[in-house]
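Reading the structure
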Amino acid sequence: MPKISVIIPTFNHGDELEACLASLHRQTEKDIEIIIVDDGSTKPITNATIRFNKNLGAPAARNAGFARSKGEYVIFLDADAELKSHAIERMREVLDAHPEVDFVYPSFKFGYTVFTGQPWNVEELKKQNYIHTSALIRRKAFLGFDESLKKFQDWDLFLTMEEQGKKGIFIDEVLFSLKPRQTGMSQWMPVVAYKLPWSWIGWMPKAVKKYKDAEAIIRRKHNLDQLDSSVRWNDKIWWLFGVVAVVELLSIPAAWNADLNSALAILAGILTLLFAYKKPTAALSILILEFLIGSKGRLLVYGANASNDGGVSLRIILFAAFLLGWFLARIRKTDFRIPTIFLALAALVGYAVCRGLSLNQPYLFADANAWGVLLLIIPIVDLAKCDSPSFWPTMKRVAMVGVAWIILKSIALFYLFSHSFDATWLESVHRWIRRTGIGEITVLGEGGVARVFLQSEIYPLLGAVWLSVDAARRRVGRQHLAVLALCFLAVLISFSRSFWIALALGIFSCIAYVLRRKTWHWFKGLLVAGILSLFALVGVAWFPLPLSTAGNPIDWFTARVDTGESAATSRWELLPILIDKALEAPILGHGFGATVTYQSADPRVVAQTGGLYTTYAFEWGWLDLWIKFGILGPIVMLLLLASIIKKRPQLAPVIVTLAVVHVFTPYLNHPLGLLVLMLAA
């Protein structure tokens, strides 16, 4: 009895079968039998083992071949498949070495494109198939192909096997190749054709419709619709993009019209309240999306003055509306437990409020209000538990849309302010940026290039580190590296020294994964992404329409490396003053609202006060925690970070990056950073 049975169904592809058979005859594994099933070809296959009088389809042909086979292991090949000479031996050795698994699958090449698989992961398999039909399967584990299916028979097979408790194992090596063609089992269309939001125009190509209809059949059969749906995935992402675009566009006239500003802010609050009551996960996604794109949360403001100052920000309105709607909808149904470390942090916040009150700190509530975002931990934990099938896919979409929007906005602003557009128009854009608080635009040195710093650029930074972690854990494709390059580009455009240092240390912390998994391709991938981002930075700045004002790239970076620059000088002058302030009450702290006064080199401060500046918002984040909370502040925060890393080690580089940024630029005491911690925990 042969060790391995190779089953090849074919329909009108006898011309390609010869190369497939030649690759089988070159195999180093010799204990094999070859069964060719002619699935009703118009020109009969002369060396077929089984011949159908009419075309019954690939699943029926494969099942018939299996019924005739005798091997302990079976593998199904397409007629155009060509195997490397050691392919079957390599797969057989892995199955022999792992009696606990039922099949083995490698990566493969399709035309010029390498399709890289991934380690066996049930949840990922439920989202999309990553295993080709040509896996080596134990005979006793094979359950047969569903002959009613026209597409995705392989996905259906592996899902069915998983449901029966079968397991697979991945070989991170390309062991066979396929040829793209327009008919038959290996027919192909560009990936982008399946990604476009065809539903927007009410029509889609026939091939795409057949693909999506077939995918929907598999999802219904295996009850996957509640987990995720790539059929609807892209439409949902484009819908979220539309919402973000509308809000940003409406914020432009609203920044100059207080009545319109108030009306839009109230309308957004009412809609969020209704969503929170009916669909709390959807409402939470709207709130989180505002955090991602809104920086200070003032894209819209209720009750602002003519300069858009004062009033109640959109973030506070959405926050209150969501909490009220969620409370009314879920309070009697909740059954969850808040992580102890967050309860400790909440207790510390309460202490800092009381401490500030006892010391009559003047800016207590202005300083403490950012910590109110911790209330979100209650609905986040609740919804993650009660709505688990849709919660994380929804959060993933929101993160993708938010980060993509920040990247696009950063690139657009960098382009606008590095070129000779109309000065009056640029001034209006700059005033909108300042009035809504989304960021700041400055010119670097004598180079004339714009520094676009948005507080929300922290998310492309964290995204870059996460993508680097992912690339260190598994082999990734070009699309992954392209997105990584775009995240790098946003970090470069920020020209933030703290971001650059944190990115370097975050990426360095990924090396542990590289050493453990021996994913040496990681270094090449990161180098390519980094070079692409640098070329893109220069390309956007130097684009010749209209005339570029960017100057020499060396001058851009020299200006940021210069520690004598006013912002850097002010920050370093603040450091000893903050240390002295912390040492005044090292154990108990000063509570919220504590202030320091120092000599600033910022030109705007110098123009107004001669340089003397009093503030309760400190640049050095870890010292801020020490000053406001006492010694327990940094200790509890470190314990929180450690608890996240212990529970989810793959997030360690991301958490390290956030902690490093906080050294220089406060984020762990800001809603943008606290939100990351709550979702990560």
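Everything in this summary refers to the structure shown in the same document. (Residues numbered from 1 in each chain as written. Predicted model: local features only at pLDDT ≥ 70, side-chain atom pairs only at ≥ 80, totals over all residues. Heavy atoms only, no water.)

As a further point, take a nonpolar patch on the surface. Taken together, the side chains of Ile 266, Leu 267, Ile 270, Leu 271, Leu 274, Phe 275, Tyr 302, Val 312 and Ile 316 define a hydrophobic patch exposed on the protein surface, amounting to about 770 Å² of accessible area. Counting residues per element, the nonpolar patch draws most heavily on helix α9 (residues 258-278), at 6 residues. Among the residues examined, Ile 270 registers a relative accessible area of 44% and is labelled partly exposed. (Patch = residues over 30% accessible without salt bridge, like charges linked within 9 Å, V, L, I, M, F, W, Y side chains within 5 Å. Areas by Shrake-Rupley, 256 points an atom, 1.4 Å probe, with all protein chains shown as cover. Salt bridge = Lys/Arg side-chain N within 4 Å of Asp/Glu carboxyl O. Helix = DSSP H or I, 4+ residues; strand = E, 2+ residues; numbered from the N terminus. Buried < 20%, exposed > 50% of the residue type's maximum accessible area, 1.4 Å probe, protein only.)

Another aspect to go through is the environment of Leu 534. For Leu 534, the location among the structural elements is in helix α21 (residues 521-542). Along the primary structure Leu 534 and Ile 407 are separated by 127 residues, whereas in three dimensions their C-alpha atoms are 15 Å apart. Aside from chain neighbours lying at most four places away, what touches Leu 534 is Leu 492 and Phe 557. (Contact = heavy atoms within 4.5 Å.)

One pass over the full model with this rule turns up 0 disulfides. Just so you know, Cys 487 is unpaired, no disulfide at all, and the nearest cysteine sulfur is the one on Cys 510, 13 Å from it. Of the residues examined, Cys 487 reaches a relative accessible area of 2% and is grouped as buried. (Disulfide = S-S within 2.5 Å.)

Looking now at the nonpolar core. Core analysis: the biggest nonpolar cluster contains 143 residues, and Phe 322, Trp 371, Leu 376 and Leu 677 have the highest contact counts within it. With 13 residues, the top contributor of residues to this core is helix α15 (residues 388-417). Filtering out sequence-adjacent residues up to four positions away, Trp 371 remains in contact with Leu 345, Val 349, Phe 592, Leu 625, Phe 629, Met 637, Leu 668, Asn 669 and Leu 674. Core analysis: the second largest hydrophobic core is formed by 31 residues, Leu 17, Leu 24, Ile 88 and Phe 110 among them. (Core = buried A, V, L, I, M, F, W, Y, C linked by side-chain atoms within 4.5 Å.)

So, on to unusual backbone geometry. Residue Pro 546 is bonded to the preceding Leu 545 through a cis peptide linkage, with omega at -15°. Inspection of the secondary structure assignment puts Pro 546 in the loop between α21 and α22 (553-561). One non-glycine residue, Ser 295, lies in the positive phi region at around 55°. The topology assignment puts Ser 295 in the loop between α10 (280-294) and β10 (301-302). Overall, the relative accessible area of 1% leaves Ser 295 in the buried class. Backbone geometry at Asn 360 places phi at a positive 55°, although glycine is not the residue there. By the secondary structure assignment, Asn 360 is in the loop between α12 (340-358) and α13 (364-368).

Within the structure shown, the criterion is met by 31 aromatic pairs. Relative to Phe 543, the ring of Tyr 415 lies with its centre 6.2 Å away and its plane at 65°, an arrangement referred to as edge-to-face. Of the two residues, Tyr 415 is situated in helix α15 and Phe 543 in the loop between α21 and α22; the sequence distance between them amounts to 128 residues. For Tyr 415, a relative accessible area of 21% corresponds to the partly exposed category. Phe 543 sits in the partly exposed class, given a relative accessible area of 40%. For the ring pair Trp 500 and Phe 557, a centre distance of 5.7 Å and an interplane angle of 40° mean the geometry is tilted. (Phe/Tyr/Trp six-rings, centres within 6.5 Å; stacked < 30°, edge-to-face > 60°.)

Further remarks concern the pattern of salt bridges. If you walk through the whole model with that rule in mind, you get 19 salt bridges. A salt bridge links Glu 123 to Lys 126, with the nearest nitrogen and oxygen atoms 4.0 Å apart. Of the two residues, Glu 123 and Lys 126 are both situated in helix α4 (residues 122-127); the distance of 3 residues between them amounts to about one turn of the helix. Exposure remark for Glu 123: the relative accessible area of 45% places this residue in the partly exposed category. Taking relative accessible area as the criterion, Lys 126 reaches 23% and is therefore assigned partly exposed. Each of Lys 3, Glu 29, Glu 72, Arg 92 and Asp 96 takes part in salt bridges that share partners, so that together they form one network.

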